[in-house]
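The lines below spell out each chain.
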Amino acid sequence: MTKSGLDDVIATETRLSDVDGEAGRLIIVGLALEELAGRAGYEETASLLLRGLFNEPVNAHSMREQVGQARVEVFARMSRLDADLAFMPPVDAMRALIALLPDQGDLRCALTLMAAPAVFLPALLRMQKGLALIAPDERLSQSADILRMLTGAMPDESQVAALDAYLVTICDHGLNASTFAARVVASTQAGLTSAVVAAISALKGPLHGGAPGPVLDMLDSIEKPELARSWLSAALDRGDRLMGFGHRIYRVRDPRADALKAALGPLVASGRVNKERIALAESVERAALAILRERKPNRSLDVNVEFYTAVLLESLGFPRDAFTGVFAIGRTVGWIAHAREQAIDGRLIRPKSAYVGEMPAAA
Ligand code: ACO
């Protein structure tokens with residue numbers, strides 16, 4: 001008997017990250033998430049993930065400059081932007097634009113792919129509103145520049161730190177569906193752009209990276225902390241799943257949820273986040289965990305990464321239909337690292353299937 005979700009199947013070896021679902025522990029390039037998120041920004045984390053995977057050396061000191069230059073180059077290509085893209089869901093429009101990029105396996109292609117979603121998403125969001133596009137500033141960090149290109153104003157330190165913590169927290173996460181999709185494509189020796197396009201397609205589903213928008217819909221609908229329990233009970237009575245809860249691997253709290261909750265701290269201190277929103281989220285979290293324990297006693301369901309992602313990205317001014325796109329900005333470097341690892345070490349991924357259909361009459 002095959003398990004339909006391939007649970008417990010070890011499909012590859014990787015040096016990039018490890019998810020221990022029983023202990024609630026995430027290791028990325030040899031560092032526990034808490035260590036990494038506390039000490040490295042997006043660019044340093046990217047250089048750790050990519051080192052040794054290209055013929056060219058990956059230099060942590062020049063990564064910020066290289067990604068900055070790549071943003072400028074990507075923006076220069078955008079004169080050919082199709083106005084209809086502004087009417088598509090942002091993640092679909094980003095995928096379409098990424099698919100137009102050169103499809104190779106070198107570091108230059110990797111840098112372009114890391115820069116591309118960071119340039120495309122703010123541009124698409126401004127196009128949606130009929131606003132002029134803002135060119136990248138290569139001297140800024142990726143996080144600072146994303147926020148500047150989105151709003152037109154220079155973000156403050158707390159905002160940059162919060163987005164940076166988010167991008168680091170979600171940069172890689174074992175063999176999740178989108179990363180597996182990237183590795184399958186890379187195993188055919190197709191280029192990095194093909195792998196990233198496949199990955200972003202897998203990411204957009206609500207069971208993977210499409211949940212944080214619905215988390216906010218849920219918070220809006222609940223409205224007040226005292227209404228949380230009855231709202232959540234009614235949702236479960238209807239057979240709905242509570243968005244931001246449950247995970248295929250984690251049987252305890254997703255460590256990324258705490259990393260993101262911590263990342264909200266500086267925003268709270270700088271008054272950049274609505275305290276009532278946080279209080280509502282915390283009440284909903286408490287009520288949901290209690291109800292899920294009562295209703296699903298045999299299944300350990302806890303909060304996942306998407307729950308506090310929703311509150312964090314909302315505080316940074318991203319509209320909810322763009323959340324999956326922001327996830328893609330952070331995860332692209334993980335997809336690239338896995339695709340390179342697969343292309344260098346791996347064989348063509350070609351599992352078997354068990355035929356359960358009709359047999360020809362003669363057989
Ligand atoms: N709310 C209510 N019940 C749930 C939830 C939830 N969020 N998650 C799982 N369950 C229940 C299922 O209904 C099922 O109950 P049953 O055995 O009585 O039928 C049981 O728990 C097991 O569910 P599975 O589908 O086997 O769990 P799976 O590992 O496939 O699901 C998933 C993981 C898809 C993340 C699920 O928990 C879910 O749908 N969560 C809500 C969506 C969400 O938050 N997605 C983001 C995930 S994080 C990420 O990918 C970046």
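In this convention, every chain numbers its residues from 1, walking through the sequence in written order. In view of the model being predicted, local features appear only for residues whose pLDDT reaches at least 70, and side-chain atom pairs are presented and counted only at 80 or more, with totals across whole chains, interfaces and linings using the full set of residues. Remark: hydrogens and water are excluded; side-chain values derive from all non-hydrogen atoms of the structure.

**Let's talk about the pairing of strand β1 (residues 17-20)**
For clarity, the threshold we go by: Partly exposed describes any residue whose relative accessible area lies between the buried limit of under 20% and the exposed limit of over 50%, with all areas from a 1.4 Å probe on protein chains only and scaled to the type maximum. Each helix is a run of DSSP H or I of at least 4 residues and each strand a run of E of at least 2, with the numbering of both proceeding from the N terminus. Two strands make a pair as long as DSSP finds a minimum of two bridges between them.
Side chains S17 and V19 project from β1 onto a buried face, and the interleaved D18 and D20 project onto a face without burial. Note that β1 and strand β2 (residues 25-28) share 4 bridges and pair antiparallel. The partner of D18 across the bridge, within β2, is I27. Here β1 folds back onto β2, and the loop between the two strands holds 4 residues, one of which, G24, carries a positive phi near 70°.

**Looking at the environment of L313**
Basically, it comes down to this: Only heavy atoms matter for contacts: two residues are in contact if any of them lie within 4.5 Å across the pair.
Here L313 shows up in helix α14 (residues 305-315). Here L313 falls in the buried class, since its relative accessible area comes to 0%. Separated by 61 residues in sequence, L313 and V252 place their C-alpha atoms 24 Å apart. Once residues lying within four places of it in the same chain are set aside, the contact partners of L313 are L163, Y166, F318, F323 and V326.

**Let's talk about the site of the ligand**
Condition: Residues are counted as near a molecule or strand when any one of their heavy atoms sits within 4 Å of it. Pairing of N or O atoms within 3.5 Å defines a polar contact, subject to two protein rules: one partner must be a possible hydrogen donor and the other a possible acceptor, and residues neighboring in sequence count only if both atoms are side-chain atoms. Surface accessibility follows the Shrake-Rupley procedure with a 1.4 Å probe radius. Residue values consider only the protein chains on display as shielding. Residues are grouped as follows: Ala, Val, Leu, Ile, Met, Phe, Trp, Tyr, Cys and Pro are nonpolar; Asp, Glu, Lys and Arg are charged; every other residue, Gly included, is polar. Boundary definitions for the domains trace back to an automatic or database domain assignment.
Close to the ligand lie 21 residues, the nearest being R241, L242, F245, R248 and N304. The backbone of H208 places a nitrogen or oxygen atom 3.0 Å from an oxygen atom of the ligand. F245 is positioned with one of its backbone polar atoms (N or O) 2.8 Å from a nitrogen atom of the ligand. Across the complex, the protein chains shield 76% of the 910 Å² of accessible surface that the ligand would expose by itself. Grouping the amino acids of the shell around the ligand by side-chain chemistry returns 11 nonpolar, 5 polar and 5 charged. Lining the shell around the ligand are residues from two domains, each supplying at least three of them: domain 1 (34-207 + 322-345) and domain 2 (212-315).

**Some points on the sheet that holds β2**
Within the open sheet, the 3 strands sit side by side as β1-β2-β3. Their pairing is antiparallel. The sheet is open, and its two edges are formed by β1 and β3 (31-32), each paired on a single side. Bridge analysis of β2 against β3 gives 2 bridges, and the strand direction is antiparallel. Looking at β3, one finds that I27 is bridged to A32.

**Brief notes about the packing of aromatic side chains**
Just so we agree on the cut-off: Working definition: rings of Phe, Tyr and Trp (its six-membered ring) pair if their centres are within 6.5 Å, and the pair is stacked with planes under 30 degrees apart, edge-to-face with planes over 60 apart, and tilted otherwise.
Applying the stated criterion across every chain, the model contains 2 aromatic pairs. Considering the side-chain rings of F245 and F307, the 5.2 Å spacing of their centres and the 55° angle between planes classify their relative orientation as tilted. Here the residue F245 occupies a position in the loop between α11 (228-237) and α12 (255-269), and F307 occupies one in helix α14, the gap between them amounting to 62 residues. Comparing F245 with F307, the two get one shared label, buried. Centre to centre, the rings of F307 and Y308 are 5.1 Å apart; their planes meet at 85°, and the pair counts as edge-to-face. Following the ring pairs from residue to residue traces out a cluster consisting of F245, F307 and Y308.

**What about the domain arrangement of the protein chain?**
Note the cut-off: When two parts are brought into contact, each loses some accessible area as probed by a 1.4 Å sphere; the total of that loss over both is the buried area. Criterion for a salt bridge: a side-chain nitrogen of Lys or Arg within 4 Å of a carboxyl oxygen of Asp or Glu.
Assigned domains within the protein chain: domain 1 (34-207 + 322-345) and domain 2 (212-315). Of note, the centres of domain 1 and domain 2, computed from C-alpha atoms alone, are 26 Å apart. Residue-level contacts link 15 residues of domain 1 with 21 residues of domain 2. Carbon and sulfur atoms supply 73% of the area buried between domain 1 and domain 2, which totals about 1,500 Å² over both sides. Across the domain 1-domain 2 interface, the total number found is 1 salt bridge. The residue R272 makes a salt bridge to D156 at a minimum N-O spacing of 2.8 Å. Viewed at the interface, domain 2 and domain 1 are joined by 4 residue pairs in polar contact (both at pLDDT 80 or more). Ranked by residues supplied to the side of domain 1 that touches domain 2, first place goes to helix α7 (residues 157-169) with 7 residues. In terms of residue class, the side of domain 1 that touches domain 2 is made up of 8 nonpolar, 4 polar and 3 charged.

**A word on the environment of S221**
Topologically, S221 is positioned in helix α10 (residues 212-222). Using a relative accessible area of 38% as the deciding quantity, one classes S221 as partly exposed. Sequence separation of S221 and W231 is 10 residues, and the distance between their C-alpha atoms is 8.3 Å.

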